[in-house]
Amino acid sequence: LTRSARRGWWSWATHLPWRRTAVVGGIVASVVALLSGGWMAFGRLDAHVDELLLHDRPDPVVEFVDLPKELVTLANYDLHSSLFDLLGREWTDDRLCGEMATRIAGVGWVSRVNFVRRTGGGRFEISCRYRVPAALVQHGDKFYLTDAEAVRLPGVYVHTPAWRLIDGVAKPAPQAGAPWEGEDVRAALAVLSAVQDEPFGRQIIGVAVANFGGRRDPRACHIELMTDQAGGRIRWGSAPGSELEENGVQQKLAILRENFSKTGRVDARHAVIDVSTFPDRYTIPG
């Protein structure tokens, strides 16, 4: 048909009321059907995408980005196990980072949580300030790790020369993440810190505090250093900062340095020596 003929046919078809109504109704029905079909298709596509996301969503991966090497073996299990039930959650949950931070803060190895951040693809990065072992504390027949601030770290251990020993503490071990009661552990840690970087440091294997504060014998030495000779002792005296009529820390260290320089031994090759009395020499207890 020519254009003019088609226009004439349309005018004729729509001139009568029933014809106009039928044509318009057919057009409306076609549009509705098309829209309905598109909406249903979109709904099925959306549901399919949701199903794929749910089925293929990545499991959350946690990385402790600044965990010290010496804690990888010691702390890794405690850190990850604290998050175990959270890792089954949808990784896009906005509450997840905050809940992870709360859990991690309760682990005894952690002094402070710096941040927990989601980096995409189900991966989380966690940054913390950690507590690092400074000594092994013996109480009874059990051994516990403490950091330099006298906070007990998680776990119960066997004796090992990998850490210096603190023996003779009065109070039982606190819960992991809590500080030791009393001042004997802190005093022992202060002495260990004083000898840590000395040239003779490797020959000091621990500190004995059984008579700390004179609690067993007021006339006997309060703190003793344990040497790597069997039964070897260096009578140190009082806790650093608590000295009265005895040598200070630097005087004691000077005597021990001279012993090591002259004899190759911090104890001058004696079983027991005392560095608390005279500022320029050690004595051998009679």
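Here the residue index of a chain counts from 1 through its sequence in written order. With pLDDT at 70 or above as the cut-off, local features in this predicted model cover only qualifying residues; side-chain atom pairs require 80 or more to be listed or tallied, and sums for whole chains, interfaces and linings still use all residues. For the side-chain quantities, the full set of heavy atoms in the structure was used; hydrogens and water were omitted.

1. Some details on the sheet that holds strand S2 (residues 110–120)
And then number 1: Whether two strands pair comes down to DSSP finding at least two bridges between them. Secondary structure is summarised from DSSP: a helix means a run of H or I of at least four residues, a strand means a run of E of at least two, and numbering begins at the N terminus for each. Strand order in the open sheet formed by three strands is S1-S3-S2, and the pairing between neighbours is mixed. Two strands lie at the open edges of the sheet, namely strand S1 (61–64) and S2, each paired on one side alone. Along the sheet, successive strands turn relative to each other by an average axial angle of 20°, direction set aside.
And then number 2: As paired strands, S1 and strand S3 (residues 123–130) are joined by four bridges and run parallel to one another. Bridge pairing in S3 places Val62 opposite Phe124.
And then number 3: Running over the sheet, helix H4 (residues 96–105) touches S1, S2 and S3 and is turned about 155° from S2. Lines fitted to the C-alpha atoms define the axes, with helices restricted to the stretch that makes contact. Angles between their N-to-C directions range from 0 to 180 degrees. Residue contacts are counted whenever heavy atoms from the two residues lie within 4.5 Å of one another.

2. Remarks on H4
And then number 1: Within the sequence span of H4, burial applies to Leu96, Cys97, Met100 and Ile104. All buried residues of H4 project into a common sector of 95° when viewed along the axis, lining one side. Here's how the labels work: a residue is buried when its accessible area is under 20% of the maximum for its type, exposed when over 50%, partly exposed in between, all with a 1.4 Å probe on protein chains only. Note: the arc covers the axis-to-C-beta directions of the helix.

3. Comments concerning the side chain of Arg265
And then number 1: Among the secondary structure elements, Arg265 is positioned in the loop between helix H6 (249–263) and strand S10 (272–274).
And then number 2: Judged by its relative accessible area of 11%, Arg265 is buried.
And then number 3: Ignoring sequence-local partners within four residues, the contact set of Arg265 consists of Gln203, Thr227, Asp228, Gln229, Asn259 and Phe260.

4. Topic: the nonpolar core
And then number 1: Counting residues in each nonpolar core, the largest one holds 31 residues, and the members touching the most others are Ile166, Ile223 and Leu256.
And then number 2: Contributing elements (two or more residues each) for this core: strand S4 (135–139), helix H5 (184–195), strand S7 (204–208), strand S8 (223–227), strand S9 (233–237) and H6.
And then number 3: Per-element accounting of this core gives the leading share, seven residues, to H5.
And then number 4: Setting aside chain neighbours within four positions, we find Leu256 in contact with Phe200, Leu225, Ile234, Trp236, Val266, Ile273 and Val275.
And then number 5: By nonpolar core is meant a set of buried Ala, Val, Leu, Ile, Met, Phe, Trp, Tyr and Cys residues that side-chain atoms within 4.5 Å join together. By size, the runner-up hydrophobic cluster in this structure holds 28 residues, among which are Leu71, Trp109, Ile126 and Cys128.

5. Some details on the environment of Ala187
And then number 1: Relative to the helices and strands, Ala187 is located in helix H5.
And then number 2: For Ala187, a relative accessible area of 6% puts it in the buried group.
And then number 3: With 51 residues separating them along the chain, Ala187 and Ser238 place their C-alpha atoms 8.7 Å apart.
And then number 4: The residues touching Ala187, leaving out its near neighbours within four places in the chain, are Phe212, Ile223, Ala239 and Pro240.

In short, the description is geometric, and any link to function would need to be established separately.
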